[in-house]
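Residue-level structural notes
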Amino acid sequence: GTTNPLAFEAFLQGRAGFEQFDEVGLREGAKHYARARSIDPQYAAAYAGEARCRMNLAIVRKQRLEALDIARRGYALAPDAPATLAALCSSLSDCLRVDEARPYYDKAFKIAPNQLDIPVVYALHMARIAELDLARRLMASVTARDPLNHRVWLGDALLNYWSGHFDAALEIAEKIEQKMP
């Protein structure tokens, strides 16, 4: 442990990043853990936390790049198929290639706005790039069309989580847990 409150605060911020278990969270987690150990060089848990973040970053990054490669191959075979567009969009977003993803999202949304996966994935992408008003409108539209779809609920929970509405995200997650066997 540590007796330094600043080191402990940085450690807690590192843990919050780690628990997001996405590339952005893991990077932030590693940064905060490193800050914690720079404040208290004897804080072993901060070293362990940073190591875990860096290890998981390597795993997540490799898997995401593999998924992106597969999504690109599918898109090359069927560039106007909603499923291949949704997979490519999602993979690009997961690899944090938001500028590259935007035209594919726009194309997917024009081709298949009523296929629920497309607007849900598009809304989550918009949330990631801080277009929260558009993301909320898209998710509200999808939720209105299919209010009983647990995948829509999951998208709505993620949107609320990413936009900092943790209580709403938790409420939706609890609803999913109650309704799903």
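Below you will find a few notes about this structure.

The rules behind each value
Residues numbered from 1 in each chain as written. Predicted model: local features only at pLDDT ≥ 70, side-chain atom pairs only at ≥ 80, totals over all residues. Heavy atoms only, no water. Axes fitted to C-alpha atoms, helices over the stretch in contact; angles between N-to-C directions. Helix = DSSP H or I, 4+ residues; strand = E, 2+ residues; numbered from the N terminus. Parallel < 35°, antiparallel > 145°, perpendicular 65-115°, else oblique. Left-handed = near helix turned anticlockwise from the far one by under 90°. Contact = heavy atoms within 4.5 Å. Nonpolar A, V, L, I, M, F, W, Y, C, P; charged D, E, K, R; others polar. Patch = residues over 30% accessible without salt bridge, like charges linked within 9 Å, V, L, I, M, F, W, Y side chains within 5 Å. Areas by Shrake-Rupley, 256 points an atom, 1.4 Å probe, with all protein chains shown as cover. Salt bridge = Lys/Arg side-chain N within 4 Å of Asp/Glu carboxyl O. Buried < 20%, exposed > 50% of the residue type's maximum accessible area, 1.4 Å probe, protein only. Core = buried A, V, L, I, M, F, W, Y, C linked by side-chain atoms within 4.5 Å. Expected span 1.5 Å × (residues − 1). Arc of directions from axis to C-beta.

**Considering the packing of helix α4 (residues 82-94) against helix α5 (residues 98-111)**
- Put simply, α4 and α5 touch, their axes get as near as 9 Å, and they point 150° apart. In terms of orientation, α4 and α5 fall into the roughly antiparallel class. Here α4 and α5 pass one another in a crossing that is left-handed. For the pair α4 and α5, the contacting residues are P82, L85, L88, C89, S90, L92 and S93 in the first and E100, A101, Y104, Y105, K107, A108 and I111 in the second.
- Looking at the contact of α4 with α5, its residues break down into ten nonpolar, two polar and two charged.

**Re a nonpolar patch on the surface**
- Together, Y161, W162 and F166 give the surface a local cluster of nonpolar side chains, amounting to about 290 Å² of exposed area.
- In this fold, F166 is placed in helix α9 (residues 166-179).
- Classification of F166 by relative accessible area gives partly exposed; the value is 49%.

**Some words on the side chain of S91**
- Along the chain, S91 falls in helix α4.
- If we ignore the near neighbours within four places in the chain, the residues touching S91 are A67, L68 and A71.

**Remarks on the nonpolar core**
- In this structure, L88, Y105, V120, M139 and L159 are the most contacted members of the largest nonpolar core, which totals 27 residues.
- Examining the composition of this core, we find that eight residues originate from one element, helix α6 (residues 117-128), more than from any other.
- Grouped together as the second largest cluster of nonpolar side chains are 13 residues, A10, A30, Y43 and C53 included.

**Some details on α9**
- Over its 14 residues, α9 extends 20 Å from the first C-alpha to the last, a length consistent with the 20 Å expected when each residue adds 1.5 Å.
- Every buried residue of α9 is listed here: A169, I172 and I176. Buried residues of α9 fall within an arc of 65° about the axis and therefore sit on the same side. Turned more than 90 degrees from where α9 packs its buried face, D167, E171, E177 and Q178 sit exposed.
- Residues of α9 that are buried make contact with α8 (150-162).

**A look at the environment of L26**
- For L26, the location among the structural elements is in helix α2 (residues 23-39).
- Separated by 32 residues in the primary sequence, L26 and A58 have C-alpha atoms spaced 10.0 Å apart.
- With near-sequence residues (within four places) excluded, L26 lies in contact with G17, F18, F21, C53, N56, L57 and V60.

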